[in-house]
Amino acid sequence: MTFYLPRYQPKLQGLHASSIAGIAARTPAAYFGMVLGLAGLGNAWRAAEQTWHIDTGVSEYILAIAAAVWAILVLLFAAKATLAADKLTAEINHPVQCCFIGLIGVATMLIAGAAEPYSGAAGAGLFVLGFAFTAIFAVWRTGGLWYGERDPATSTAVLYLPTVAGSFVTATVASSLGFQDWGQLAFGAGIFSWLAIESVLLHRLLTEPMTPPALRPTLGVQLAPAPVGAVAYISVSGGAPDIFVHAMIGYGILQLVVLLRLSPWLREAGAVTGFWAFSFGATSLATAPIRLLGHGDTSAISVIAPITFALANVFVIGLALMTVWLLFSGRMYGQLALEK
């Protein structure tokens, strides 16, 4: 089997690399992971500024960058749909890359949350668009998976994206817009989808052949469900600290430590934008403890919060610098074929 994942390719057959069509055709939906990481860091800073009473405005600068990246990627995907529809069709039909398409709606909802303090109408409008895309894609993709006959090698953590990430972000942003009851429904959809899919993914990791290098960055999504779910739970429950949210943060820390233990193995993939897959989980693992501190939590959480916040900042800054280097060195676009 051949997997095609975003990496390096100097040109695309039939398209000029410098043309809009060429750039759009080589822009995978996985790049929306950059929006999740940047928006996640911006939200972590918003929480930090409120909880620790620091008036830096850093959060809004980061969220502005996230919004700019989101706008560029939306335009490129619109161009891809009209000028390189065959490439988009191939991506939709790919067993791994297809799940990243769900990030378009998730990223839109995060930008809605960023916009809401400035314009409730803009926030609500973007949320409706993002939610509609997320829900439709999640139902379509999940239904396709239920047909069966799937190669186990293609079962990676990206399976979380359509239903788990989509539901948890829906819960968080819906609550921020004043719809906590609807957010609770979305939280339920997310948490039970997470538990069901996690068992499938762990079975694949434990019993199937070793994940090839090009697919290893997708393991970054494994970090996300627990801390992203914790942020969603805080949003829909009112924020009071309890054993359940502590447990979710604890499980997120366990995933982080395991992934750190695997870091030499993960780095065999090389310098690739796929590592943005780690960013949303990392930034959510910073946001959840800080938000709990803001609701009066103490003890263990007060120790964890500054550590995870510092780590999230270092990690996202490192990813951003790597991405800029890949872009200006001409190595950001293209594909790597991996034979299995």
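Basis of the calculations
- Residues numbered from 1 in each chain as written.
- Predicted model: local features only at pLDDT ≥ 70, side-chain atom pairs only at ≥ 80, totals over all residues.
- Heavy atoms only, no water.
- Helix = DSSP H or I, 4+ residues; strand = E, 2+ residues; numbered from the N terminus.
- Buried < 20%, exposed > 50% of the residue type's maximum accessible area, 1.4 Å probe, protein only.
- Axes fitted to C-alpha atoms, helices over the stretch in contact; angles between N-to-C directions.
- Parallel < 35°, antiparallel > 145°, perpendicular 65-115°, else oblique.
- Left-handed = near helix turned anticlockwise from the far one by under 90°.
- Contact = heavy atoms within 4.5 Å.
- Nonpolar A, V, L, I, M, F, W, Y, C, P; charged D, E, K, R; others polar.
- Salt bridge = Lys/Arg side-chain N within 4 Å of Asp/Glu carboxyl O.
- Core = buried A, V, L, I, M, F, W, Y, C linked by side-chain atoms within 4.5 Å.
- Expected span 1.5 Å × (residues − 1).
- Polar contact = N/O pair within 3.5 Å; in protein donor to acceptor, adjacent residues only side chain to side chain.
- Phe/Tyr/Trp six-rings, centres within 6.5 Å; stacked < 30°, edge-to-face > 60°.
- Disulfide = S-S within 2.5 Å.
- Patch = residues over 30% accessible without salt bridge, like charges linked within 9 Å, V, L, I, M, F, W, Y side chains within 5 Å.
- Areas by Shrake-Rupley, 256 points an atom, 1.4 Å probe, with all protein chains shown as cover.

- For the protein, the name recorded in an unreviewed UniProt entry is Dicarboxylate transporter/tellurite-resistance protein TehA, with Rhizobium deserti as its organism.

### Quick look at unusual backbone geometry
When glycine is set aside, most residues are seen to have a negative phi, and most peptide bonds are trans.
Thinking step 1. Located in the positive-phi region is Glu149, a residue other than glycine, with phi close to 55 degrees.
Thinking step 2. Along the chain, the position of Glu149 falls in the loop between helix H6 (120–145) and helix H7 (160–176).
Thinking step 3. A relative accessible area of 87% places Glu149 in the exposed class.
Thinking step 4. The backbone of Ser299 sits at a positive phi, close to 55 degrees, despite the residue not being glycine.
Thinking step 5. Relative to the helices and strands, Ser299 is located in the loop between helix H12 (279–294) and helix H13 (300–328).
Thinking step 6. Look at Ser299 and you get exposed, because its relative accessible area is 55%.

### Digging into the packing of helix H5 (residues 102–115) against H6
Thinking step 1. Their axes nearest at 8 Å, the elements H5 and H6 cross at an angle of 160 degrees. Here H5 is positioned roughly antiparallel relative to H6, judged by the angle of their axes. In this structure, the crossing between H5 and H6 has a hand that is left-handed. Here Gly102, Ile104, Gly105, Val106, Thr108, Met109, Ile111 and Ala112 of H5 lie close against H6, whose contacting residues are Gly123, Leu126, Phe127, Gly130, Phe131, Phe133, Thr134 and Phe137.
Thinking step 2. For the contact of H5 with H6, the per-class residue count stands at ten nonpolar, six polar and no charged.

### A few points about the pattern of salt bridges
Thinking step 1. Per the counting criterion, the structure on display carries three salt bridges.
Thinking step 2. Of the charged contacts, one joins Glu268 and Arg216 as a salt bridge, the two residues approaching to 2.6 Å between their closest N and O atoms. In this pair, Glu268 is assigned in the loop between helix H11 (263–266) and H12 and Arg216 in the loop between helix H8 (180–207) and helix H9 (225–237), connecting sequence segments 52 residues apart.
Thinking step 3. Residue classification places Arg216 among the buried positions, given a relative accessible area of 4%.

### Quick notes on the nonpolar core
Thinking step 1. By size, the foremost hydrophobic cluster in this structure holds 98 residues, and its most contacted members are Phe32, Tyr160, Phe168, Phe187 and Trp194.
Thinking step 2. Counting residues per element, this core draws most heavily on helix H2 (residues 33–51), which supplies ten residues.

### Comments concerning H7
Thinking step 1. Compared with the 24 Å implied by 1.5 Å per residue over 17 residues, the 23 Å span of H7 between its first and last C-alpha is a close match.
Thinking step 2. At the C-terminal side of H7, Gly178 shows a positive phi close to 100 degrees.

### Regarding helix H10 (residues 243–261)
Note: α-helices contain 3.6 residues per turn, so residues at a spacing of three or four share the same orientation.
Thinking step 1. With 19 residues, H10 ought to run about 27 Å at 1.5 Å a step, and its terminal C-alpha atoms sit 27 Å apart, in line with that.
Thinking step 2. Residues of H10 that are buried sit in contact with H8, H9, H11, H12 and H13.
Thinking step 3. Where H10 starts, the residue carrying a side-chain oxygen 3.1 Å from the main-chain nitrogen of Phe244 turns out to be Asp242.

### Structural notes on the side chain of Ser59
Thinking step 1. Note that Ser59 resides in helix H3 (residues 58–83).
Thinking step 2. In contact with Ser59, not counting residues within four places along its chain, are Gly42, Trp45, Arg46 and Glu49.

### Things to note about the packing of aromatic side chains
Thinking step 1. Within the structure shown, the criterion is met by twelve aromatic pairs.
Thinking step 2. Arranged with centres 6.3 Å apart and planes meeting at 75 degrees, the rings of Phe278 and Phe315 form a pair that is edge-to-face. Placement of the pair is Phe278 in the loop between H11 and H12 and Phe315 in helix H13, with a sequence separation of 37 residues.
Thinking step 3. Residue Phe278 is classed as buried on the basis of its relative accessible area of 9%.
Thinking step 4. With a relative accessible area of 29%, Phe315 lands in the partly exposed category.
Thinking step 5. Through successive ring pairs, a cluster of aromatic residues spans Phe168, Phe187, Tyr233 and Phe244.

### Describing the environment of Val173
Thinking step 1. On the secondary structure map, Val173 appears in helix H7.
Thinking step 2. A sequence separation of 158 residues divides Val173 from Arg331, and the C-alpha atoms of the two residues are 35 Å apart.
Thinking step 3. Not counting the four nearest positions on each side in its chain, Val173 is found in contact with Met109, Ala112, Gly113 and Phe127.

### Here we look at the environment of Ala271
Thinking step 1. Mapping Ala271 onto the fold places it in the loop between H11 and H12.
Thinking step 2. Given a relative accessible area of 29%, Ala271 falls into the partly exposed group.
Thinking step 3. When the C-alpha positions of Ala271 and Gln50 are compared, they lie 35 Å apart, and in sequence the two are 221 residues distant.

### Considering the side chain of Gln222
Thinking step 1. Following the sequence through the fold, Gln222 ends up in the loop between H8 and H9.
Thinking step 2. Classification of Gln222 by relative accessible area gives buried; the value is 7%.
Thinking step 3. A distance of 3.2 Å separates polar atoms of two side chains, one belonging to Gln222 and the other to Glu198.
Thinking step 4. With residues up to four places along the chain from it excluded, the contact list for Gln222 reads Ala157, Tyr160, Glu198, Leu201 and Gln255.

### Points about the state of the cysteines
Thinking step 1. Per the stated rule, a full pass over the model turns up zero disulfides.
Thinking step 2. In this model Cys98 remains outside any disulfide bridge; the closest cysteine sulfur is found in Cys99, 4.1 Å from its own.

### Considering a nonpolar patch on the surface
Thinking step 1. Residues Phe179, Trp182 and Leu185 make up a contiguous nonpolar surface patch of about 390 Å² in total accessible area.
Thinking step 2. By relative accessible area, which is 44% here, Phe179 ends up partly exposed.

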